[in-house]
Amino acid sequence: LFVSLHRNAFDLPSACGVEVWVYAVPTEAELMAAGTILSALSDVPMQKNRGVKRGNYGVLRGTKMPAVMVELGFITNATDNKLFDDYFEAYAEAIAKGVVSCLGLQWVEGKQPEEPADDTLVALREENTKLRASIAQAKALARQILELEG
């Protein structure tokens, strides 16, 4: 299962909420995965559950396995940004719970995964730092856009 994580954007700052996308002609596995992940995410505070949607996105179309794209709120909406910041870890855990459920496994609360090898851990930390920097840049750009419109 391929899970692609994104933040949404729209011209109107009132656009808000979380949605999960599948390919325009989804497999049963993709529809099940999208629904399961969205259901897990619904336990985390969000402005709006925008549902499961179908689209012709390259990240979904070009993947050789079941794939979903999770949009974790709008970077152009101040409340979605606050929710994302406040519940970042909860969103991550909800997605993980959804994936575990899709695989037919049982989530064990409080059980920590095994520590990856040092080189893997370093690479993951570097990618996380890059992702957080990209998110910060996107938020700054969204704030600039909102200031120009305001």
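Residues numbered from 1 in each chain as written. Predicted model: local features only at pLDDT ≥ 70, side-chain atom pairs only at ≥ 80, totals over all residues. Heavy atoms only, no water.

**Student:** What's the story with the pattern of salt bridges in this structure? I'm lost.
**Tutor:** Pairing between side chains becomes possible if they bear opposite charge and their charged atoms approach one another. Tallying each qualifying case throughout the model produces five salt bridges. Residues Lys82 and Asp86 are paired through a salt bridge, measuring 2.7 Å at the closest nitrogen-oxygen approach. Highlighted residues: Lys82 and Asp86, both in helix α3 (residues 78-86), separated by four residues, approximately one helical turn. Relative accessible area serves as the criterion here: at 46%, Asp86 is assigned to the partly exposed category. Notably, a salt bridge pairs Glu109 with Lys97, separated by 3.5 Å at the nearest N-O pair. Residue Glu109 is located in the loop between α4 (88-102) and α5 (118-149), and its partner Lys97 is located in helix α4; the two are separated by twelve residues in the primary sequence. Given the relative accessible area of 56%, Glu109 is considered exposed. For Lys97, a relative accessible area of 29% corresponds to the partly exposed category. One continuous salt-bridge network, built from bridges that share partners, spans Glu19, Arg50 and Lys53. (Salt bridge = Lys/Arg side-chain N within 4 Å of Asp/Glu carboxyl O. Helix = DSSP H or I, 4+ residues; strand = E, 2+ residues; numbered from the N terminus. Buried < 20%, exposed > 50% of the residue type's maximum accessible area, 1.4 Å probe, protein only.)

**Student:** Can you help me understand α4 in this one?
**Tutor:** At 3.6 residues per turn, the α-helix brings residues three or four places apart onto the same side. Here α4 spans 21 Å end to end across 15 residues, near enough to the 21 Å set by a 1.5 Å rise per residue. For α4, the complete set of buried residues consists of Phe88, Tyr91, Ala94, Ile95, Gly98, Val100 and Cys102. Gly104 sits one or two residues past α4 and shows a positive phi near 75°. (Expected span 1.5 Å × (residues − 1).)

**Student:** What's the story with the pairing of strand β4 (residues 67-74) in this structure? I'm lost.
**Tutor:** Regular strands show a simple pattern: their side chains alternate between the two faces of the sheet. Burial analysis of β4 places eight of its eight residues in the buried class, the great majority of the element. Sheet topology note: the strand β2 (residues 18-23)/β4 ladder contains four bridges and is antiparallel. Looking across to β4, one finds that Trp21 is bridged to Met69. (Pairing = 2+ DSSP bridges.)

**Student:** What am I meant to see in the pairing of strand β3 (residues 49-55) here?
**Tutor:** Both β2 and β3 contribute to a ladder of six bridges, which runs parallel. The residue of β3 that forms the bridge with Val22 is Arg54.

**Student:** Would you take a moment to explain the environment of Glu149 for this structure?
**Tutor:** One can find Glu149 in helix α5. Spatially, the C-alpha atom of Glu149 lies 9.6 Å from that of Pro13, the residues being 136 residues apart in sequence. Apart from residues no more than four positions distant in its own chain, Glu149 is found in contact with Asp11 and Pro13. (Contact = heavy atoms within 4.5 Å.)

**Student:** What exactly am I supposed to notice about the environment of Leu146 here?
**Tutor:** One can find Leu146 in helix α5. Separated by 133 residues in sequence, Leu146 and Pro13 have C-alpha atoms that sit 7.6 Å apart. Discounting residues that sit within four places of it in the chain, Leu146 has contacts with Pro13 and Thr76.

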